[in-house]
Structure formats: C-alpha cells, structure tokens
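Spelled out from the first residue to the last, the chains are:
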Amino acid sequence: MSTATNSPIPESLQPFLRSPKKMLIGGNWVEAKSGKQFDVYDPATDQVIAQVAEGEAADVELAVAAARHAFDRGPWSKMGGAERARLIWRIGELIDEHADELAQLETLDNGKPFAVAKAADVALAAEMFRYMAGWATKIEGNTIPIRLPFAPDAEFHAFTLKEPVGVVGQIIPWNFPLLMAAWKLAPALTTGCTVILKPAEQTPLSALRLGELIQQAGIPDGVVNIVTGFGETAGAAIASHEQIDKVAFTGSTEVGKLIINAATGNLKRVSLELGGKSPNVIYDDADLDAAIAGAADAIFFNQGEVCSAGSRLFVQQGVYEQVVAGVSEIAKSLQVGSGFDAATQMGPLVSREQFNRVTGYLKAGVDQGAEASAGGSALDRPGYFVQPTVLKHATEEMSVVREEIFGPVVAAMPFSDDAELVRKANNTAYGLAAGVWTRDISKAHRFAKSVKAGSVWINCYSVFDAALPFGGYKQSGWGREMGHAVLENYLQTKSVCVSL
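Residues numbered from 1 in each chain as written. Predicted model: local features only at pLDDT ≥ 70, side-chain atom pairs only at ≥ 80, totals over all residues. Heavy atoms only, no water.

In the nomenclature of an unreviewed UniProt entry, the protein corresponds to Phenylacetaldehyde dehydrogenase from the organism Novipirellula galeiformis. If you open the UniProt record of the protein and go to Sequence similarities (unreviewed entry), you find "Belongs to the aldehyde dehydrogenase family." (UniProt positions renumbered as here; feature names shortened; annotations may be inferred.)

So this is what it looks like as structure tokens:
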C-alpha cells in the first residue's frame, strides 16, 4: 500500500462553499429556526469546510406543512404523469450538466476518489431520475371480474387505482450522498408524493446543491424540502411526525429499529434499507484471477463503506492460501490518499467517529486471534485514513465476522463443502447481498437459491442498475429500492366497485 498526497480543494467549489448553507422549505432557502449551525469536515484533512443550518423539530414542522400543502392543494399529486416525467427527466439532465461539480462535492464531503464519484455516484444518480421518469406515465390499476355467489345475476365493474401515499420523510446515509438522494427522491416524485429529505449530517453538501438543481428543473415549491441536521433531532422528528404518511430510511439496522418504533404513533408506512455482512464465496473451480480482483473490489470499493460490501470472504479450502495472498497483494498495492489526487484508489473514511469504529474493530480482530495479512492499522497522517485490511484465521464468533464494520476490512475463512458453506453464509442477522465465483453454473444457481440475501452476484460483485431491485432479507431491511418494485413503497391501492 502506498499513500497519495492531499490535494487542494478545487477553486471552482469555493463560491458554493462560501455561500450560506440554508435549508430548502416551501421553495425558500431558510436558516434554522434556532439560528444554529454545525460544522462539516473534509475527511482527508480533518478540517472544517462549511457550516450548515442545524434543523430541528421546529424546522421539520415547517417542512411538513410545506409538503402537506403541496400534496393536498398543490399541483404535484394532481399533475399528469407526462408532465411529472418531463420535470423528473430534467433533474437527471441537470445532474449530468453539473457532473464535475457534484463529483467534487462528493469527494470533498465524503472522501471518495473523484473519478469514482463521477463515474459511479453522479452517473447513476442521473440515470435513476431518467429511469423513474419513464414510470410516471405507466402507473396504473387493473380491472377485476368479480361474481357474488349469493347474487349470481348481479353485475359489477370493479377496478383498482394506484395513488401516491402522500407526504414522505426520507433519511439518507453518508456513504453515497447524492446517489442515495436520487434513489429516494426519484420514485417518490414519480408517484406524485411530496418529500422532506434529511441528508446525513456528515455529508449534506451535495443534497443542498441538488435542491438548487431541483428548483432549476421546475419542480413546484414545497414538493421537495431539504432539512439538514442530526439524526437524533431532525431525523427523529421526521420519523415520529403524525402528518408524515411514510418514512424511507437507509442506514444502520440499529437506527432502523428506532425509526420503526417512532413510526408507530400514526402507523406510517416504513421502508428500510439497512446493514449487511455479505458473504462472498470463491470455489476452487473459479477463474481465480477474476475472483481475487472481484473480492478485493467487493470490500475496498468506496473505502468499504458499502452496506452490501463482501466483508465475509469464504474460500474453498484448496485455494484458500492462494486467494488470501492475492487479495492481500491487491490491498498492499492500493494507493490511499485524498480523493482529489488522480493517483488515489481509496480515500479516507467519512468521519472521526467512523475512523474510531473501524480501528476499534481492527484491534478487536487481532485481539481475538485473527491475523492481518495486509493492513491492520490506521495511517499516521492527517485525516481519517486506514489501511485496506485482510484478516485471515477469522472464526464465526469474532466480532469482525459477526458485526458490520463498514470499512475496508475483510475476514477470510475457508470452507470444505456446500453444506458447510451455506450454513456459514446464512449464519448472520443480515441478508442484504452475496457473491459467488465458480465456473459451474449449476453450483452457482444452487448457492443463489440457498443463500438468504436480497441480491446475489455470480462471477461479479456490486452490479447496480436503476432497473434492478435492491434490498434485504432478515435485519437488512423492508422493501426494495430501484426497479419497478420501489414504486410500491410510495403507492397505495384503492379498490372501486360499481354496481351495473
């Protein structure tokens, strides 16, 4: 592993960084009612880069009123699908037109390499709005033939309507700030809902810039409201608010459970995309060069701050040492540094809190008997940098195997046969994703069927498309993001029966 230099903040971002960071409520950019602000840090330097309005319950109240008015009286929910589609498509176009700026904001705020932010985060965010725009004209019910056994001669015309659920609170994480905003906003807007969006307090900048682009696209006032603030105040107020019809959350399983409890007051609908501890399996008949490279990318991409990261690596006994050595060699070769350095392949972790969490797990893993064949510690430099780490001799009872680390740390374990593999792969509270590498397609299909996970990648990993549903089993969440399936999160079905 080598380190890259810290590069200066691009001059093109300075006007945005110097401007006041207010909240978008009812079409206006406003300060927090309390007047409070909070600091936003560059994770590559541990330096403050901006101050942002600290929204709390009073600000959420204003945002809910604006969203409620826009839904109940405003044009959005009553607007034709074709007109909504045109405006949503325009958001995607504007994201593309400002791709460099948005990618720079993600790199500055989150730490990820600029090339990754532009090619993945920004491009996929734009595509999500375009994909969902196409569904705006295709939301439809059904006609249903019915017959009553006690009145066989009676005739009816029965049909269903699909209607927007209403005002939606959306709480997004810090690992893919712009992309997660797109995953949430695009389907909600497509169905005719109005939104209060709360970005993560660690990474609010791209959401605020997106709010400006949403206004530029012509989305009516109050349809999208953005409240910046902390989870325990602004987020909690959203989850418990009785005028919010639904809450959608992406983040940790622990916080997801708190949101479920908060939502019981008015029994609002809840969708959750939560944590993971995903198994990535390499059989001895796999293309080992491809599998080793894929296993490394599955855990080191985005600094390992990926809910579906392949953090548990299961390798068939005969090739275990070869695979671990190969992944370790890649880990040692990765260039770690500022996301603005073109040579950087892995950036810093997002925050001091996350840095402390990951380094704590590194110590715990070694203390419990795992061996770091690559990495294993933090980097001695400013910022929140840790080494990409491969832990061998890991066992199922270790915290590094059982718990989500959310960092560039993979625990590698051998297996001998399919029965042992399936038991170990499913021995987790999570069920978000899985990967399998083999030349035997029947073996791959059997594993895909037996593993309890919402996404299974065969001879690949972390393949995402706006058309492909994503979500978890077990404690990895409720509902699905993306694809046609996500629309159900934001729609209600009404049955209508007419006597003829």
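Visitor: So what exactly am I meant to see when it comes to the packing of helix 3 (residues 81-97) against helix 7 (residues 205-217) here?
Guide: Working note: a packed helix pair is described by the angle between its axes plus the distance between those axes. Remark: helix 3 packs on helix 7, axes separated minimally by 9 Å, with the N-to-C direction vectors making an angle of 130 degrees. With respect to helix 7, the axis of helix 3 lies oblique. Between helix 3 and helix 7 the crossing geometry is right-handed. Contacts between helix 3 and helix 7 pair L87, R90, I91, L94 and I95 from the former with L210, L213, I214, Q216 and A217 from the latter. (Axes fitted to C-alpha atoms, helices over the stretch in contact; angles between N-to-C directions. Helix = DSSP H or I, 4+ residues; strand = E, 2+ residues; numbered from the N terminus. Parallel < 35°, antiparallel > 145°, perpendicular 65-115°, else oblique. Left-handed = near helix turned anticlockwise from the far one by under 90°. Contact = heavy atoms within 4.5 Å.)

Visitor: Help me out: how do you make sense of the UniProt feature "active site" (unreviewed entry) in the protein in this one?
Guide: Taken from the UniProt record, the annotation "active site" (unreviewed entry) applies to E273. Structurally, the position occupied by E273 is in strand 12 (residues 269-273). The class for E273 is buried, based on a relative accessible area of 2%. In contact with E273, not counting residues within four places along its chain, are W183, F249, T250, G251, C307, L432, F470, S476 and E481. (Buried < 20%, exposed > 50% of the residue type's maximum accessible area, 1.4 Å probe, protein only.)

Visitor: Hey, could you run me through empty space enclosed by the protein in this one?
Guide: Empty pockets left among the atoms are what a rolling probe the size of a water molecule brings to light. Evaluation of the coordinates by the stated rule reveals 4 cavities of 30 Å³ or more. Estimated volume of the largest cavity: approximately 70 Å³. Residue lining of the largest cavity: 14 residues in total, with V306, A309, S311, E404 and F406 positioned closest to the centre. Split into classes, the residues belonging to the lining of the largest cavity amount to 7 nonpolar, 5 polar and 2 charged. (1 Å grid on protein atoms, 1.4 Å probe; cavity = no way out; pocket = protein on both sides within 12 Å on 5 of 7 lines; lining within 4 Å. Points joined across faces, edges and corners; volume = space filled by probe spheres on them. Nonpolar A, V, L, I, M, F, W, Y, C, P; charged D, E, K, R; others polar.)

Visitor: For this particular structure, what's the right way to read the sheet that holds strand 6 (residues 143-144)?
Guide: Sheets are built from strands that pair by backbone hydrogen bonding, the pairs being arranged parallel or antiparallel. If you trace the 3 strands from one edge of the open sheet to the other, you get 6-7-24, paired in antiparallel fashion. Both edges of this open sheet fall to strand 6 and strand 24 (491-499), since each of them pairs with a single strand only. Relative to strand 7 (residues 156-164), strand 6 runs antiparallel, the two sharing 2 bridges. The residue of strand 7 that forms the bridge with T143 is F159. (Pairing = 2+ DSSP bridges.)

Visitor: Would you explain the packing of helix 6 (residues 177-191) against helix 7 in this entry?
Guide: It is the contact of helix 6 with helix 7, at a shortest axis distance of 9 Å, that shows an interaxial angle of 50 degrees. Relative to helix 7, the element helix 6 is oriented oblique. In this structure, helix 6 crosses over helix 7, and the sense of that crossing is right-handed. Taken together, the residues of helix 7 that come into contact with helix 6 (itself represented by P177, L178, A181 and L185) are S206, L210 and I214.

Visitor: What's the story with the layout of surface pockets in this structure? I'm lost.
Guide: A volume near 990 Å³ is recorded for the largest pocket. Forming the walls of the largest pocket are 38 residues, and the residues nearest its centre are W174, F249, G251, S252 and V255. The set of elements that each furnish at least two residues to the lining of the largest pocket consists of helix 8 (231-240), strand 11 (246-250), helix 9 (253-262) and helix 12 (352-367). In terms of residue class, the lining of the largest pocket is built from 18 nonpolar, 10 polar and 10 charged. Computed from the structure, the second largest pocket encloses a volume of approximately 270 Å³. L124, F176, L179, F301 and F464 are the residues nearest the centre of the second largest pocket, which is lined by 18 residues in total.

Visitor: Looking at this structure, I do not really get the UniProt feature "domain: Aldehyde dehydrogenase" (unreviewed entry) in the protein. What am I missing?
Guide: UniProt marks residues 29-496 with the feature "domain: Aldehyde dehydrogenase" (unreviewed entry), using the numbering shown here. As annotated, residues 29-496 comprises 38% helix and 21% strand, and the C-alpha atoms at either end are separated by 42 Å.

Visitor: Sorry, what's going on with the domain arrangement of the protein here?
Guide: Quite often, the size of an interface is put as the accessible area lost when its parts meet. Segmentation of the protein into domains returns domain 1 (11-274 + 477-496) and domain 2 (279-458). Look at where the C-alpha atoms of domain 1 and domain 2 centre, and you get two points 31 Å apart. At the interface, 25 residues of domain 1 touch 28 residues of domain 2. Summed over both sides, the interface of domain 1 with domain 2 buries roughly 1,900 Å², with 62% coming from carbon and sulfur. Counting the surface domain 1 buries against domain 2, the share from its top three residues, P43, P113 and W174, is 25%. (Domains from an automatic or database assignment. Buried area = accessible area lost by both parts, 1.4 Å probe.)

Visitor: Sorry if this is basic, but what is going on with the pairing of strand 14 (residues 312-316) here?
Guide: Most of strand 14 is tucked away, with 5 of its 5 residues classed as buried. Burial of strand 14 is two-sided: the residues R312, F314 and Q316 facing one way and the residues L313 and V315 facing the other way are all buried. With 4 bridges connecting them, strand 13 (residues 279-282) and strand 14 associate as parallel partners. Bridge pairing in strand 14 links V281 to F314. Running through helix 10 (residues 288-300), the crossover from strand 13 to the neighbouring parallel element strand 14 is right-handed. In this sheet, strand 18 (residues 409-415) lies alongside strand 14 in parallel orientation, the contact comprising 5 bridges. (Right-handed = clockwise from strand over helix to strand, strands pointing away.)

Visitor: Even after reading the chapter, I still don't get the packing of aromatic side chains, so can you show me in this structure?
Guide: The geometry of an aromatic ring pair is captured by two quantities: the separation of the ring centres and the angle between the planes. The final tally for this structure, using the stated rule, is 9 aromatic pairs. Note on F38 and F230: the rings are 5.0 Å apart at their centroids and 55 degrees apart in plane angle, and the pair reads as tilted. Pair noted here: F38 is in strand 4 (residues 37-42) and F230 is in the loop between strand 10 (224-226) and helix 8, with a separation of 192 residues, a long-range link. Judged by its relative accessible area of 23%, F230 falls in the partly exposed class. Through pairs of rings, three or more aromatic residues link up here, namely W183, W457, Y461, F464 and F470. The ring of Y490 is capped by K246, whose NZ or CZ atom sits 5.3 Å from the centre of that ring. Positioned over the ring face of F385 is R381, at 4.3 Å from the centre of the ring. (Phe/Tyr/Trp six-rings, centres within 6.5 Å; stacked < 30°, edge-to-face > 60°. Lys NZ or Arg CZ within 6 Å of the ring centre and 35° of its normal.)

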